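Chain residues, written in single-letter form:
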Amino acid sequence: MEQLNTLIQIQDIKYQNNSLKYSSNGYLDIKYFGNETTKENEINLNVEITKEIESFKFNVMVNFSYINECSRCLNRVSNKDKASFDRSFYEFSNNDYDINFEDDYVDLLPIISEIIINKMDFNKTCKKDCKGLCYICGKDQNHYICSHKEKNVKESPFSSLSELDL
Ligand SMILES: [Zn+2]
Ligand SMILES: [Zn+2]
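Treat the numbers as computed from the prediction; the structure is a model and nothing was measured.

A. A look at the overall build of the chain. Check the secondary structure of the chain and you find three helices and eight strands. In sequence order, the secondary structure elements of the chain are arranged as β-α-β-β-β-β-β-β-β-α-α. Across the 166 residues that make up the chain, the buried fraction comes to 37%. Put simply, the chain shows about 10700 Å² of open surface, and 45% of that area lies on carbon and sulfur atoms.

B. Up close: the coordination of the zinc ion (ligand 2). At this site the zinc ion (ligand 2) is bound by Cys 134 (SG), Cys 137 (SG), Cys 146 (SG) and His 148 (NE2), with donor distances of 2.1 to 2.3 Å. Note that the zinc ion (ligand 2) binds four donor atoms; their angles at the metal cover 102 to 122°, and the shape is tetrahedral. Here the donor residues of the zinc ion (ligand 2) are spaced in sequence according to C-x2-C-x8-C-x1-H. Note that Cys 134 is positioned in the loop between helix 2 (109-119) and helix 3 (150-155) and His 148 in the loop between helix 2 and helix 3, a separation of 14 residues in sequence. Taking the relative accessible area as the measure of exposure, Cys 134 reaches 11% and is therefore buried.

C. Representation of a nonpolar patch on the surface in the model. Taken together, the side chains of Tyr 32, Phe 33 and Phe 122 make up a nonpolar region of the molecular surface, amounting to roughly 350 Å² of accessible area. The class of Tyr 32 is partly exposed, set by a relative accessible area of 34%.

D. How the structure looks around the coordination of the zinc ion (ligand 1). The zinc ion (ligand 1) binds to the protein through Cys 70 (SG), Cys 73 (SG), Cys 126 (SG) and Cys 130 (SG), with metal-donor distances spanning 2.2 to 2.4 Å. Around the zinc ion (ligand 1), the four donor atoms sit at angles spanning 106 to 113°, and that spread fits a shape best called tetrahedral. In terms of primary sequence, the donors binding the zinc ion (ligand 1) are separated according to C-x2-C-x52-C-x3-C. Taken together, the positions of Cys 73 in the loop between strand 6 (55-69) and strand 7 (76-90) and Cys 130 in the loop between helix 2 and helix 3 put the pair 57 residues apart, joining distant regions of the chain.

E. Highlighting the environment of Ile 111. You can see Ile 111 is positioned in helix 2. Taking the C-alpha atoms as reference, Ile 111 lies 9.9 Å from Ser 84; in sequence the two are 27 residues apart. Aside from chain neighbours lying at most four places away, what touches Ile 111 is Phe 58, Val 60, Phe 85, Phe 89, Tyr 97 and Ile 99.

F. Representation of the side chain of Asp 140 within the structure. Relative to the helices and strands, Asp 140 resides in the loop between helix 2 and helix 3. For the buried Asp 140, no salt bridge is present, and the opposite-charge side chain at shortest range is Lys 127, 7.1 Å distant. A polar contact of 2.8 Å, which involves the side chain of Asp 140, links it to the side chain of Asn 142. Contacts of Asp 140, omitting those with residues within four sequence positions, involve Cys 73, Asn 75, Gly 132 and Leu 133.

G. A look at the packing of aromatic side chains. Scanning all chains against the criterion turns up nine aromatic pairs. Note on Phe 85 and Tyr 97: the rings are 5.6 Å apart at their centroids and 85° apart in plane angle, and the pair reads as edge-to-face. On the criterion of sequence distance, the pair formed by Phe 85 in strand 7 and Tyr 97 in the loop between strand 7 and strand 8 (105-107) is long-range, its members being 12 residues apart. Taken individually, Phe 85 and Tyr 97 each receive the classification buried, so the pair is uniform in this respect. Taken together, the aromatic side chains of Phe 56, Phe 58, Phe 85, Phe 89, Tyr 97 and Phe 101 make up a single cluster linked through ring pairs.

H. Looking closely at helix 2. Buried within helix 2 are the following residues: Ile 111, Ile 112, Ser 113, Ile 115 and Ile 116. In this structure, the buried residues of helix 2 make contact with strand 3 (30-32), strand 4 (35-37), strand 5 (43-52), strand 6 and strand 7.

I. Seen up close, the side chain of Lys 51. Here Lys 51 lies in strand 5. Residues contacting Lys 51, with those up to four places away along its chain left out, are Ile 13, Lys 14, Gln 16, Asn 17, Asn 18, Phe 56 and Glu 91.

Cut-offs and rules
- Residues numbered from 1 in each chain as written.
- Chains lettered and ligands numbered in written order.
- Predicted model: local features only at pLDDT ≥ 70, side-chain atom pairs only at ≥ 80, totals over all residues.
- Heavy atoms only, no water.
- Helix = DSSP H or I, 4+ residues; strand = E, 2+ residues; numbered from the N terminus.
- Buried < 20%, exposed > 50% of the residue type's maximum accessible area, 1.4 Å probe, protein only.
- Areas by Shrake-Rupley, 256 points an atom, 1.4 Å probe, with all protein chains shown as cover.
- Donors = N, O, S within 2.8 Å, 3.2 Å for Na, K, Ca; no water.
- Tetrahedral: all angles 85-135°; square planar, octahedral: opposite > 155°, others 65-115°.
- Patch = residues over 30% accessible without salt bridge, like charges linked within 9 Å, V, L, I, M, F, W, Y side chains within 5 Å.
- Salt bridge = Lys/Arg side-chain N within 4 Å of Asp/Glu carboxyl O.
- Contact = heavy atoms within 4.5 Å.
- Lys, Arg positive; Asp, Glu negative; His and termini not counted.
- Polar contact = N/O pair within 3.5 Å; in protein donor to acceptor, adjacent residues only side chain to side chain.
- Phe/Tyr/Trp six-rings, centres within 6.5 Å; stacked < 30°, edge-to-face > 60°.

Read these as spatial facts, not as claims about activity.
Structure below.
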């Protein structure tokens, strides 16, 4: 899989009120806490940019998959999601995405990254009833249930973790 092309040529619509459509597939390396997109996670991009009077209207749609670390057992799970972004940018002022309409190309990378990161769920678990890791020895309790004695809990260097709702 190729890296996703996020550069869109806007030259053709700049001087006439017109619109362009662009579609592309590829991967991006986005890492955000326990979540990431890697070379195995295909991103499907559909863009429509419409030139209006002194502004550009963006419609960006992204279908993607990403890897998420289960917040309880830390196993890596693949998730699929999709999201879209609709916004108009005034042609002659700065914006949060470093898009400059004096250039012939606009780079959608900041927009696409934001769309994907907004969808990444940081409290996601691999399954509803994931039992997580043992807070004493760290073993995955989905495969093996530990039966430590209560006094070990107090001696364990990890015992303070038991008070957290993991
Ligand atoms: Zn889990
Ligand atoms: Zn244990």
